[in-house]
Every structure is written in structure tokens, then in C-alpha cells.
Amino acid sequence: MHFFESLAMIPVSKLPDSGTTIFTVMSALAEKHQAINLSQGFPDFDGPEALRKRVSWHLDHGHNQYAPLAGVAELREQIAAKVEILYGARVDPATEVTVTPGATEALFCAISAVIHPGDEAIVFDPAYDTYDPCIRLNGGIVHHIPMVYPDFRIDWQRVADSINDRTRLIMLNSPHNPSGSLLSEEDIDALKELVAGRNMYLISDEVYEHIVFDGQAHQSLLRHPELTSRTFAVSSFGKTYHATGWRIGYCVAPARLMAEFLKIHQFINFSTNTPMQYALADFMRDSPEFPTQLGAFYQARRDLFCGLLEPSRFRFTPSSGSFFQLADYSTISNQPDTEFALHLTREHGVAVIPVSVFYREPPDQQVIRFCFAKGEDTLRQAAQRLIAL
Ligand SMILES: Cc1ncc(COP(=O)(O)O)c(C=O)c1O
């Protein structure tokens, strides 16, 4: 008998309904079928050379040991300077900024900092896949409020109706994955009205903060002093500098919230990798314009992809932000979206994400998500296959 089999201990799962995420499944399937991978949200190109060179430099100049718990001071100062310039928020880099191994860890720490067993949290579906399990792991109860294709607007009346004394948290995400929709000023006003006077926190997932199109403004919650006192704002260096594999992001929150966040962060990762923090601090100081050009950079890719898809039978409205484009395929097939996504990967060589996986209870819609953070040739080849459908 195999050694481990002899132990016969099976833990009671804390997440019995969680399997391998769809992103891993689709990327593996894309590889197996040699399909063009427009599924998982990562660029197929590298970040700026100057930034990569700074990482090598710091690797060779003694920055290889533990960083401080909240992150390298130089980087926290750059982050504080950035949020002041972009959003007018004056935050203390010593107590209100923490660098984390990806936005993913920041989301987990922020949720864990405020959710106690029996607390309720509001999540808008379609939702990024970490929110719900992180809340449940902390003993929280998740209220899923649906947003539907094509506008994905929040029904604020429904939010108001689902709030009770146990509601502790609202999760927000703008620019939104998977829909590319943006929070508007009216949304922010509705949010302000709703939370005023209540013991509720906000986690604002802003990993696509710089990827906003057509001259629209990103409504960072950090712009709004009435909201910042209860907000954890989460960002991703991976998304901003085309380096999702580096696993580095950050969180900005008022000191009294950050103190609780840090208690959790210290026992998960303690700190974030050191050489990349120094390199990012250098690059932010030397090339502050980089994030401000990201919107135009990705808008060109969105326009290229949407233009190429124009003659196809897919129906779509160009994305407003993020690097995702949704498309309705109901004139091509009546398969459910998970089946259609598998079919597209296996038979037509383009891997995509079915939007239903982002919902607790998927509405009746036939929509898939394309990631257009890919090289022009890749997008052209994919589009050629898609217009043949
Ligand atoms: C909405 C959203 N939040 C968080 C993340 C995770 O970001 P990171 O790679 O920095 O952990 C992603 C990545 O796809 C995302 O789309």
C-alpha cells in the first residue's frame, strides 16, 4: 500500500464546491489543443525593459532578504505619491500602504480583517472568483446581487433591500472583470448614500485602474473622502506593468483598518519579494507616465480586436475598461456558454472564458469573455478563426 493511502485521513473541506478555477482549466485546455489562448487574463508580452533591468540590478546588489512587513519604504512612498496625484488622496506611506504578493493576497487580508463568522457581505455577480470563497472561509455569508449583459449596472435599490444589521461589507470592482464596465459618478453617489451612518466596510478592487477607455475617468473610491474612511483599495502591479507572474500588488486603507490587515498579512506571507519592490520603486520614480499611457495602449488593442470581429456573427459593445471584451454568441450557437467555450477551444482553436462561471446563479445569457491583452498577430489569428464561425 502507498504510504499516504495508509493514513486514510480525509479533511472535511472548507470549500467543498470549489474545484480548479476555470482560468486554470481553460489555459490547460488551450495548451492541450494548441488553441490561441484568449481565456486567462494575462498579457502575452513582457513589461518595460527598464523595469526588468532594475529587478536584475537589485538581485545583484544585495536586495535578496526579507522586506519589511508592509513593504519597502521607497515603494510605499511612490504609491502614496501616485494616489495623491491621481486621486487627490493624502495617505501616510508608513501606516496606510501595504505591498502584497498580488492583489489576490490583499483581497484575502482585507476580507479577513473585517468579516467575522455570521457577518454578511454583498458581492455583485459576475464577480472575480476569489471574493466569495474568501468571505466564506472567514465564516461570512455572501449575498450575490446579479448584474446582467450588456450594461452590467448595479441595482442600488436591490442593494438597499438586502442590507441588514449583519451586513458588514460591500465588494466593488471597477473597471470590472469580466464585463469591462465602470462605476459611474451616480453609482458613487448611491454608494455614499447607502453606507452613510452604517457600520460597513468597502473593498474596492481596482486592479484595472489605469485601463479605462474613451476618455472616461476611473472612479477610484480613493477620490471620495466620504468613502475612504471605510475603504480598502486594492491594486495590482502585475496588471499595470504587464507582469502578472511577479505576484505583486498593494492595498491602501486608513491606518486603523490597515493595522488589522497587517496582522493577517504577517501570518500569510509576512512580506512581499524584495528585489521587485525596489525595482518598481525606481521605475515609478523614473517613469511616472507609464500607467497614464496604459489606457491608450489597451484601447488600441480593444479597437483592433473589435474591428477585426466586426464581420463576425458575435454581437458586442466595445469594452469601457480592463483588458476584456465580452461577446454574445447567440446567433452562432444555442449551447450553454461552458459548452460553447470548450467547443471553441477544441474545434476552432480559440480559448475563451464562459461568463456564467462568474455568477452564483447564471442568468439566461450566452456570453463569453475574450482577453485582448495579446500581441497583434495573436489577435488577428484569433479573429480569423472567429469570423469563420
Ligand atoms: C478583478 C481582479 N481582481 C484581482 C485580480 C488578481 O490580481 P493579482 O494578479 O495582482 O493577484 C485579478 C486578476 O485577474 C482580477 O481580474
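Above this text is the structure in question.
The present account deals with the structure reproduced in this document. Note that the coordinates shown come from a computational prediction; the quantities given were computed from them, not determined experimentally.

What about the overall build of the protein?
Per the secondary structure count, the protein includes 15 helices and 12 strands. Relative to its length of 389 residues, the protein is compact, with a C-alpha radius of gyration of 21 Å against a globular reference of 21 Å. In terms of overall dimensions, the protein has C-alpha extents of about 65 × 55 × 50 Å along its principal axes. Looking at the protein as a whole, 56% of its 389 residues are labelled buried. Taking all contacts inside the protein whose residues are at least 6 apart in sequence as the whole, residues at least 24 apart take part in 75%. Summed over its atoms, the accessible surface of the protein is roughly 17,400 Å², and 52% of this surface lies on carbon and sulfur atoms. A distance of 2 Å separates the average location of the 32 positive side-chain charges in the protein from that of its 46 negative side-chain charges.

Regarding the site of the ligand
Around the ligand there are 13 residues in total, and T104, D205, Y208, S236 and K239 lie nearest to it. With respect to the ligand, the side chain of N177 contributes an N or O atom lying 2.8 Å from an oxygen atom. A distance of 2.6 Å separates an oxygen atom of the ligand from a polar atom in the side chain of Y208. Isolated, the ligand exposes 390 Å² of accessible area, and the fraction of that covered by the protein chains is 93%. Classifying every residue of the shell around the ligand by side-chain character gives 5 nonpolar, 5 polar and 3 charged.

What to know about the environment of F314
Mapped onto the elements, F314 comes out in the loop between helix 13 (294-309) and strand 9 (324-328). Residue classification places F314 among the buried residues on the basis of a relative accessible area of 5%. Each C-alpha atom of the pair F314 and E84 lies 41 Å from the other, and the pair is 230 residues apart in sequence. Once you skip the residues sitting within four places of it in the chain, F314 turns out to touch A327, D328, Y329, I332, F340, I368, F370, L386 and L389.

Structural notes on the nonpolar core
Membership of the largest hydrophobic core comes to 94 residues, with the highest contact counts inside it found for F232, F314 and F370. At 8 residues, helix 5 (residues 102-114) tops the list of elements feeding residues into this core. With 24 residues, the next largest nonpolar core counts I188, M200, L227 and V367 among its residues.

Side note on helix 4 (residues 73-87)
Its 15 residues place the ends of helix 4 21 Å apart at the C-alpha level, agreeing with the 21 Å of an ideal helix rising 1.5 Å per residue. By the burial criterion, the buried members of helix 4 are L75, R76, I79, A80, K82, V83 and Y87. Looking straight down helix 4, one finds that the buried residues subtend no more than 160° of arc, so they occupy a single side. Buried-residue contacts for helix 4 involve strand 2 (97-100), helix 10 (237-240), strand 8 (249-252) and helix 12 (274-286). Following helix 4 by one or two positions, G88 adopts a phi angle in the positive range, close to 70°.

Section: the sheet that holds strand 2
Across the sheet, which stays open at both edges, the 7 strands sit in the order 2-8-7-6-5-3-4 with mixed pairing between neighbours. Strands with a single pairing partner mark the edges of an open sheet, and in this sheet they are strand 2 and strand 4 (141-146). Geometrically, the sheet is characterised by an average inter-axis angle of 20° between neighbouring strands, direction not taken into account. Contacting strand 5 (167-173) and strand 6 (201-205), helix 8 (residues 185-195) runs over the sheet at an angle of about 170° to strand 5.

A look at empty space enclosed by the protein
As enumerated under the stated definition, the model contains 4 cavities of 30 Å³ or more in all. Roughly 160 Å³ of internal volume is contained in the largest cavity. Lining the largest cavity are 18 residues, and of these M147, I154, N173, H176 and L183 sit closest to its centre. In terms of residue count, the dominant contributor to the lining of the largest cavity is strand 5 (3 residues). Residue composition of the lining of the largest cavity, grouped by class: 12 nonpolar, 4 polar and 2 charged.

Some words on the pattern of salt bridges
If you walk through the whole model with that rule in mind, you get 17 salt bridges. Between R136 and D17 there is a salt bridge, and its shortest N-O distance comes to 3.4 Å. Placement of the pair is R136 in helix 6 (residues 131-137) and D17 in the loop between helix 1 (3-7) and helix 2 (22-32), with a sequence separation of 119 residues. Residue classification places R136 among the partly exposed positions, given a relative accessible area of 26%. Residue R285 is joined to D282 by a salt bridge in which the shortest nitrogen-to-oxygen separation is 3.6 Å. Here the residue R285 and the residue D282 both occupy positions in helix 12, the gap between them amounting to 3 residues, near one helical turn. Accessibility expressed as a relative area gives 49% for R285, which makes it partly exposed. Given the relative accessible area of 8%, D282 is considered buried. Here the salt bridges share partners, and the residues they tie into one network are D17, D132, R136 and R360.

Quick notes on the rules
- Residues numbered from 1 in each chain as written.
- Predicted model: local features only at pLDDT ≥ 70, side-chain atom pairs only at ≥ 80, totals over all residues.
- Heavy atoms only, no water.
- Helix = DSSP H or I, 4+ residues; strand = E, 2+ residues; numbered from the N terminus.
- Rg over C-alpha atoms; globule rule 2.2 N^0.38 Å.
- Buried < 20%, exposed > 50% of the residue type's maximum accessible area, 1.4 Å probe, protein only.
- Contact = heavy atoms within 4.5 Å.
- Areas by Shrake-Rupley, 256 points an atom, 1.4 Å probe, with all protein chains shown as cover.
- Lys, Arg positive; Asp, Glu negative; His and termini not counted.
- Charge placed at Lys NZ, Arg CZ, Asp CG, Glu CD.
- Near = heavy atom within 4 Å.
- Polar contact = N/O pair within 3.5 Å; in protein donor to acceptor, adjacent residues only side chain to side chain.
- Nonpolar A, V, L, I, M, F, W, Y, C, P; charged D, E, K, R; others polar.
- Core = buried A, V, L, I, M, F, W, Y, C linked by side-chain atoms within 4.5 Å.
- Expected span 1.5 Å × (residues − 1).
- Arc of directions from axis to C-beta.
- Pairing = 2+ DSSP bridges.
- Axes fitted to C-alpha atoms, helices over the stretch in contact; angles between N-to-C directions.
- 1 Å grid on protein atoms, 1.4 Å probe; cavity = no way out; pocket = protein on both sides within 12 Å on 5 of 7 lines; lining within 4 Å.
- Points joined across faces, edges and corners; volume = space filled by probe spheres on them.
- Salt bridge = Lys/Arg side-chain N within 4 Å of Asp/Glu carboxyl O.

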